[in-house]
There are 2 protein chains.
Amino acid sequence: MRNTFLLPEIRELIATENRQELQAFLEDLHPAVASEFLNELEVSEILVIFNWLDAPLAAGIFAHLDVAKQIAIAKFARPSEIGRILELMPPDDRADLFNEMSEHQQEKILPTLSSVERADVEKLSSYREGSAGAVMTSDYVTLRPSASAAEAIETLRYEAPRRETIYYAYCIDESRRLIGFVSLKDIILASPAQKIVEFMHTEVLSVNVSTDQEEVAQIIQKYDLIAIPVTDEAGILVGIITHDDAIDIMTEEHTEDIEKLMAIAGTHEAGAYLKTPSLVHFRNRVGWLVGLSIAGMVSGMIIHSFEANIQRLMILALYMPMIADSGGNAGSQASTVVIRAIALKELVPGDIGKVISKEIKISVMLACVLGLLAWGKVLFLSAGSDIPAGFSLYSIAMVIGLSLSLQVVSSAVIGVILPLAAARLEMDPALIASPALTTIVDITGLLIYFSTATYLLGL
Amino acid sequence: MRNTFLLPEIRELIATENRQELQAFLEDLHPAVASEFLNELEVSEILVIFNWLDAPLAAGIFAHLDVAKQIAIAKFARPSEIGRILELMPPDDRADLFNEMSEHQQEKILPTLSSVERADVEKLSSYREGSAGAVMTSDYVTLRPSASAAEAIETLRYEAPRRETIYYAYCIDESRRLIGFVSLKDIILASPAQKIVEFMHTEVLSVNVSTDQEEVAQIIQKYDLIAIPVTDEAGILVGIITHDDAIDIMTEEHTEDIEKLMAIAGTHEAGAYLKTPSLVHFRNRVGWLVGLSIAGMVSGMIIHSFEANIQRLMILALYMPMIADSGGNAGSQASTVVIRAIALKELVPGDIGKVISKEIKISVMLACVLGLLAWGKVLFLSAGSDIPAGFSLYSIAMVIGLSLSLQVVSSAVIGVILPLAAARLEMDPALIASPALTTIVDITGLLIYFSTATYLLGL
C-alpha cells in the first residue's frame, strides 16, 4: 500500500509552514501509515517536519521509516536533532539502526543520548545479527514477587507509556535472575491484596540471547505467546521479544528461504527489490550461476565421452534437454516439500527411510505417466527423422521413455536425500537450491540415458 | 520437536489406571506440548485419557492435536464424550474441525452442543475457506461506551476465563455496529470513573468477513496489532482475529508460495508430508509435470525444424542443455525476487518499466560473465571434436557464448514480466512457477540459439 496521491498536500503544508495542520494530520494516522507518506519525501523535507513535531510523534514515525531513509536522515541532521528522536525510539529499532550506521555516524550520535540510552544501545547492538539478543527490546516491566496485585497494577500504570508491552510482566530475584511471570490477565483476575509470588507462573518459557531468531519466532508461534523473555547464560533477564517481532522475523526468514531455494545469496532484507542497487543484485545472483556453470562441466564431459555414439545416432542428442528438464522438475518438487517439512520441524534426518520409501511410491506413479508421454512424443515428433539402419524408431522411443522414467524416480530420491543429509550435517537444507539440484540430476540423467541406450540398442 | 521418549511412561500410567498422576503430568505441560505426546498414541488410548481429564484440560489439549487425529477421535468417540470437549474448544478451532468433518459426523455431533455453541459453529463454518470469516473467533469482549473504566475492568475480570484475548475490548452500538475499541492498557491508564466513550479509539482498523486471510495477516503485521475486529457488510461486529492466528496464516501461505513456485498444486496444509497419502502427493505434482511435458512439445518441434542443420553441425546439439539450463536458472532467480516483492506489496504492476530496466542492468552483467564462461567451456570441452570443413571451433564457441548471453538477458526480462503481468490480471504471481518459466525460456533460448547460429555461421 503506497499513498503518493496526498504528497502535494503535504508539500503544500510544508511550504506554507502550516505546522499545526501538519501535526494534526500526522497525529491522526498510525505511525506505520504516516511513515509511508514521509518515505516519499526528501530527507531535507522530513527533517523540517520532524523539527515541527512533538518528539514522541516524530520518534514513532521515524521508527517506521525504511532503515536506508533513517540512515540518510541521521547523516543529514544535526546530532542534537536526531538525538531527540533516538531517545524516544523503541530500543530494538534503535539498536538495529545503530548496527547499520557507519562507525563515524555512531560516534557522532552516541554523545547526544543520555547515559542510560547510550549503555542500552551499546549493549543491544553488541549481539550477533539473527540472534535473540539482536532482536530483543529492553522495554519490559519487572515486578517484585512480594508486591500485591493492586501494587502491580500501579506499577504497570506508571510504566505503561514507556513500555512496549505491559501484558506480560516478569518477576526477578535480587540478582535479576528470571524466576516467574504474570500476565495482566492474571493480575486482573487476582484479588487486589494477593501477592504476585502466590500466583506467578514459575515454569517460564524463555530463550537465550544466542538463540537463533527463527527458533524464537517458532516458539512464540507454538505457544501463542504475546512476548517471550530473553536471558543470558546466568539466567539473568536481559530483554523480551514480542509477537510483532516474531511476525517480522518470519517474513524475513520466508524471503530468505524462497531466495535460497532459487540459488540467490545475500542478506535477504524483505521487500527491497527496487531499493537494492543492481550491482548488489548481481553479486547475490552471480556466485551460484557461475558455480552451476562450472559444475555443468561434468555433464558436458559426459556428453563428450558419448560423442562418437551420438554421431551415429543423432536423434539421441535431440532428446537430451527433455530428459534433463523432467529430472530437474521432478527433483525440485520433491526437494521443495521435504525442505519445507524440515523447516516446520515435521521431518528429522532420522526419517530418511520413511521419506525415501514414500518418495519412491510417488515418483514411480509420476514416472509411468511421464515415461509414456515421452514415448508418444518421440514417435510423434521424430516420425520423419533419419534413423540409421539397424535401429528402429520404436526401440529408440523405448530407450527415451524408459530413461526418462528412471530419471524421474532417481531425481525425486536424490531430491529428498540431499536436504535430509544437509540437515543431518547441521547445514541449512535450503542450501540444496533447485538450480543446484538440477545440475546434479543432469549428471545422473545423462548417465542413465546413455547407459540405457548403450545396453538396449547395443551401441 | 517430538517427544516420543516418554511414551512408555504414559502407556504405563494408562495401563495402571493412574488417573491422578496422568492428570497432574498433562496439567503441568503447555497444551501444545501435551498434544505432541497424545499425537503419538492410538485413538482408543487418547479417548481413555480424555475421559479421565477435566473437560477444560481435555478441550485445551484436543484443540492442539492434528486435525486428522481430531477427526479420527470424533469418529470413534460417543457423541456425548466428544460434545463435552467441543463445547470448551476455542470457537475458531472448533469451526475448522467441523469444516473437515463429513456431513454424517457433523449431524451426529451437533445435537450434543448447546444451542448457543451450535449456532456459533454453524455461523463460523459457513464462511469461505481462506477468508477472514473462516479464521475469526467469536471469543471477544464487548463494552458499552457508557461504562466507566472501573466497570470495564469488572467486565473484563468476569469475561477473562472464557475469552481468547481481553487485551482489546470492542465498543458497539445498539445494533452491534462496531464504533470503537479500547486496549486494556488504555483502561489501566484511565481514571476509574472515566467513561469508555471519553477515551475509546474511534478510528478502528477492521476487516470484512470476506477479506482474504493473507491480507488480514499483513494488516496485523503492519500495525503490530494483538487482534483485529471483523465486521460484516453492515458494519456489525462478528468476530476478531488474533496475532497468533496471523502467524499461523503466514506459515500456511508461505508453504503455499514455496510449493507454487515449484509447480506443486494442492491445499498446502503446513507440515503434513508424511501424513499426506502418496496418491495425494502424486495428484498435487502430476498436473504440472504433464502440462510442462506437453508444453515441451514446442521446444521439441523447434529442435526438429533445425534437425537438418544439426546433422551438419552436431556440436550445436551437444550444447543445447547448457543454453536451456542457464536461461532457466537466470529466469527463475529474477522471477523469484519479483514474486516475493509483489507478495510483500513492495512492487505493483505499474512498476513494470522500472523493474525491466533494473533487470536488464543486472542480467547484462550476468550475461557477460556467463557468456565468457560458456565460450571458454566450448573451447576446452570440444577441443577434440570433429568440426566440419568451413567452420572453426572459435566461431562456434562465439555463437554459443553469444546465444547464452542473449538467453540470460531475455530469460531474466521474461522472468519479471510474467509475474507482473499476472498481478495486473489479478492472478497470483506465484503461478509463474519456476518449472513453467523454464519451459517458456527453453523455447526462447532455442530460437535465439538457432537464429544466432544461422546468421553467424551462414547455415
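Residues numbered from 1 in each chain as written. Chains lettered and ligands numbered in written order. Predicted model: local features only at pLDDT ≥ 70, side-chain atom pairs only at ≥ 80, totals over all residues. Heavy atoms only, no water.

A.B. asks: What is the right way to look at the sheet that holds strand S6 (residues 237–242) of chain A in this model?
C.D. replies: Strand pairs in the sheet, formed through backbone hydrogen bonds, run parallel or antiparallel to each other. In space, the three strands of this open sheet follow the order S4-S5-S6 (chain A), with mixed pairing throughout. Taken across any chain shown, the strands that pair with only one partner, and hence form the sheet edges, are strand S4 (207–208) and S6 of chain A. (Pairing = 2+ DSSP bridges. Helix = DSSP H or I, 4+ residues; strand = E, 2+ residues; numbered from the N terminus.)

A.B. asks: What is the right way to read the interface of chain B and chain A from this model?
C.D. replies: One frequently used descriptor of interface size is the decrease in accessible area upon assembly of the parts. Every contact between the two is made by 116 residues of chain B and, on the other side, 116 residues of chain A. For the pair chain B and chain A, the two sides together bury roughly 11,000 Å², of which 67% comes from carbon and sulfur. In this structure, the salt-bridge partner of Lys222 of chain A is Glu36 of chain B, at a minimum N-O distance of 2.8 Å. Counting the contacts that link chain B with chain A gives 42 residue pairs in polar contact (both at pLDDT 80 or more). Sort the elements by how many residues they give to the side of chain B that touches chain A and helix H17 (residues 278–305) of chain B lands first, with 18 residues. Its residues assigned to classes, the side of chain B that touches chain A shows 65 nonpolar, 25 polar and 26 charged. (Contact = heavy atoms within 4.5 Å. Buried area = accessible area lost by both parts, 1.4 Å probe. Salt bridge = Lys/Arg side-chain N within 4 Å of Asp/Glu carboxyl O. Polar contact = N/O pair within 3.5 Å; in protein donor to acceptor, adjacent residues only side chain to side chain. Nonpolar A, V, L, I, M, F, W, Y, C, P; charged D, E, K, R; others polar.)

A.B. asks: I'm lost on the pattern of salt bridges in this one. Help?
C.D. replies: It is possible for side chains bearing opposite charge to pair when their charged atoms get close. All names here are of chain A. Taken as a whole and assessed by the stated rule, the structure comprises 26 salt bridges over all chains. One salt bridge connects Glu154 with Arg157, and the closest N-O pair in it is separated by 3.1 Å. Here Arg157 and Glu154 lie together in helix H12 (residues 149–159), a separation of three residues that amounts to about one turn. Because the salt bridges share partners, they merge into one network encompassing Asp139, Glu159, Arg162 and Arg163.

A.B. asks: Sorry, what's going on with the packing of helix H4 (residues 43–52) of chain A against helix H6 (residues 67–76) of chain A here?
C.D. replies: Any two packed helices are characterised by the angle at which their axes cross and by the distance between the axes. Residue and element names in this part refer to chain A. Interaxial distance between H4 and H6 falls to 10 Å at its minimum, and their mutual angle equals 75 degrees. By the angle class used here, H4 and H6 are roughly perpendicular. Residue-level inspection shows Val43, Ser44, Ile46, Leu47 and Phe50 of H4 in contact with H6, the latter providing Lys69, Ala72, Ile73 and Phe76. Classifying every residue of the contact of H4 with H6 by side-chain character gives seven nonpolar, one polar and one charged. (Axes fitted to C-alpha atoms, helices over the stretch in contact; angles between N-to-C directions. Parallel < 35°, antiparallel > 145°, perpendicular 65-115°, else oblique.)

A.B. asks: Even after reading the chapter, I still don't get the environment of Ser175 of chain A, so can you show me in this structure?
C.D. replies: Residues and elements named next belong to chain A. Here Ser175 is to be found in the loop between strand S2 (168–172) and strand S3 (178–183). By relative accessible area, which is 32% here, Ser175 ends up partly exposed. The sequence separation of Ser175 and Gly235 amounts to 60 residues, and the corresponding C-alpha distance is 9.6 Å. (Buried < 20%, exposed > 50% of the residue type's maximum accessible area, 1.4 Å probe, protein only.)

A.B. asks: Help me understand helix H12 (residues 149–159) of chain B, please; the structure alone is not making it clear to me.
C.D. replies: Helical geometry note: an α-helix holds 3.6 residues per turn, so side chains three or four residues apart project in the same direction. Along H12 of chain B, the positions that sit buried rather than exposed are Ala149, Ala152, Ile153, Leu156 and Glu159 of chain B. For H12 of chain B, the arc enclosing every buried residue in end-on projection is 130 degrees, short of the 170-degree limit, so these residues lie on one face. Of the surrounding secondary structure, the elements contacted by the buried residues of H12 of chain B are helix H13 (184–189) of chain A together with strand S1 (142–143), strand S2 (168–172), helix H13 (184–189) and helix H14 (196–199) of chain B. (Arc of directions from axis to C-beta.)

A.B. asks: Could you clarify how one ought to interpret the relation of the copies chain B and chain A in this entry?
C.D. replies: Note: a rotation about an axis with an accompanying shift along it relates these two copies of the chain. Turning chain B through 180 degrees and shifting it by 0.0 Å along the axis lays it on chain A, with an RMSD of 0.1 Å. Taken together, the rotation and translation describe the operation of a two-fold axis. Closest approach to the rotation axis among the C-alpha atoms of chain B is made by Pro321 of chain B, whose C-alpha sits 2.6 Å away. Mapped onto chain A, 100% of the interface residues of chain B are again interface residues, and the two copies thus contact each other with one and the same surface. (Least-squares fit on C-alpha atoms with pLDDT ≥ 70 in both.)

A.B. asks: How should the sheet that holds S3 of chain A be read in this particular structure?
C.D. replies: Residue and element names in this part refer to chain A. Here three strands make up an open sheet; going across it, the order is S1-S2-S3 and the pairing mixed. The open sheet is flanked by strand S1 (142–143) and S3, the only strands paired with a single partner. Here S2 pairs with S3 via five bridges, running antiparallel. By the bridge assignment, Ala169 is partnered in S3 with Val182.

A.B. asks: How should I be thinking about the pairing of S6 of chain A in this particular structure?
C.D. replies: When a strand is regular, its side chains alternate between the sheet's two faces. All names here are of chain A. The buried fraction of S6 is high, at six of six residues. Examined bridge by bridge, strand S5 (residues 227–231) and S6 share five bridges and lie antiparallel to one another. Opposite Pro229, over in S6, you have Ile240 as the bridge partner. Hairpin connection from S5 to S6: five residues lie between these consecutive antiparallel strands, with Gly235 at a positive phi of about 85 degrees.

A.B. asks: What exactly am I supposed to notice about a nonpolar patch on the surface here?
C.D. replies: Residues and elements named next belong to chain A. Judged by side-chain polarity, Leu372, Trp375, Tyr394, Met398, Leu402, Leu406, Tyr455 and Leu456 come together as a nonpolar surface patch covering roughly 900 Å² of accessible area. Of all the elements in the fold, those that place two or more residues in the nonpolar patch are helix H21 (352–381), helix H22 (393–424) and helix H23 (434–457). At four residues, H22 tops the list of elements feeding residues into the nonpolar patch. With respect to the element layout, Trp375 can be found in helix H21. Note on Trp375: relative accessible area 36%, which makes it partly exposed. (Patch = residues over 30% accessible without salt bridge, like charges linked within 9 Å, V, L, I, M, F, W, Y side chains within 5 Å. Areas by Shrake-Rupley, 256 points an atom, 1.4 Å probe, with all protein chains shown as cover.)

A.B. asks: Would you explain unusual backbone geometry in this entry?
C.D. replies: What is expected of a backbone is that most residues other than glycine have negative phi and most peptide bonds are trans. The backbone phi angle of Glu17 of chain A is positive, close to 50 degrees, even though this residue is not glycine. Among the structural elements, Glu17 of chain A can be located in the loop between helix H1 (7–15) and helix H2 (19–28). Non-glycine residue Asp224 of chain B carries a positive phi angle of around 50 degrees. Tracing the backbone through its elements, the reader meets Asp224 of chain B in the loop between helix H15 (213–222) and strand S5 (227–231).

A.B. asks: What should I look at first to understand helix H7 (residues 79–88) of chain A in this one?
C.D. replies: Among the residues of H7 of chain A, those classed as buried are Glu81, Ile82, Gly83, Ile85 and Leu86 of chain A. Each element contacted by the buried residues of H7 of chain A is listed here: H4, helix H5 (55–64), H6, helix H8 (91–100) and helix H9 (103–109) of chain A.

A.B. asks: What's the story with the packing of aromatic side chains in this structure? I'm lost.
C.D. replies: The way to describe two aromatic rings as a pair is by their centre distance and the angle between their planes. Counted according to the given criterion, the structure contains 11 aromatic pairs over all chains. Measuring from centroid to centroid gives 3.9 Å for Phe306 of chain B and Phe450 of chain B, while their planes differ by 20 degrees, and the two rings are stacked. Taken as a pair, Phe306 of chain B in the loop between H17 and helix H18 (307–312) and Phe450 of chain B in helix H23 (residues 434–457) lie far apart in primary sequence, 144 residues in all. A residue is classified by how much of its surface remains accessible, and Phe306 of chain B, at 7% relative accessible area, is buried. An aromatic cluster is present here, built from Phe306, Tyr449 and Phe450 of chain A joined pairwise through their rings. (Phe/Tyr/Trp six-rings, centres within 6.5 Å; stacked < 30°, edge-to-face > 60°.)

A.B. asks: Honestly, the confidence of the model for chain A in this entry has me stumped. Any pointers?
C.D. replies: If pLDDT is low for a region, its predicted coordinates should not be looked at in detail. For chain A, the mean per-residue pLDDT works out to 88, and 97% of the residues sit at or above 70. The lowest-confidence element of chain A is H1 of chain A, averaging 82 in pLDDT; the highest-confidence one is S4 of chain A, averaging 96. (pLDDT = per-residue confidence, 0-100.)

A.B. asks: Looking at this structure, how should I read the packing of helix H16 (residues 243–261) of chain A against helix H16 (residues 243–261) of chain B?
C.D. replies: Put simply, H16 of chain A and H16 of chain B touch, their axes get as near as 10 Å, and they point 5 degrees apart. Between H16 of chain A and H16 of chain B, the angle is such that the two are roughly parallel. Together, His243, Ala246, Ile247, Met250, Thr251, His254, Asp257, Ile258 and Leu261 of chain A of H16 of chain A and His243, Ala246, Ile247, Met250, Thr251, His254, Asp257, Ile258 and Leu261 of chain B of H16 of chain B make up the contact between the two elements. Along the lines of polarity and charge, the residues of the contact of H16 of chain A with H16 of chain B split into 10 nonpolar, six polar and two charged.

A.B. asks: Would you take a moment to explain the environment of Ala265 of chain B for this structure?
C.D. replies: Tracing the chain through its elements places Ala265 of chain B in the loop between H16 and H17. In this structure, the C-alpha to C-alpha distance between Ala265 of chain B and Leu178 of chain B, residues 87 residues apart in sequence, is 39 Å.

A.B. asks: Quick question: what am I supposed to make of the nonpolar core here?
C.D. replies: Note on soluble globular proteins: their nonpolar side chains tend to be buried together. Residues Phe50 of chain A together with Phe50 of chain B are the most contacted members of the largest nonpolar core, which totals 184 residues. When residues no more than four places from it in sequence are discounted, the contact partners of Phe50 of chain B are Leu38, Ala58, Ile61, Phe62, Leu65, Ile73, Arg84 and Ile85 of chain B. In terms of nonpolar packing, the next biggest core, distinct from the first, is built from 80 residues, Phe450 of chain A together with Val399, Leu404 and Tyr449 of chain B among them. (Core = buried A, V, L, I, M, F, W, Y, C linked by side-chain atoms within 4.5 Å.)

A.B. asks: Please clarify how the side chain of Ser35 of chain B should be interpreted in this entry.
C.D. replies: Residues and elements named next belong to chain B. Within the secondary structure, Ser35 is located in helix H3 (residues 31–39). Ser35 sits in the buried class, given a relative accessible area of 2%. Leaving out residues up to four positions away in the same chain, Ser35 has contacts with Ile61, His64 and Leu65.

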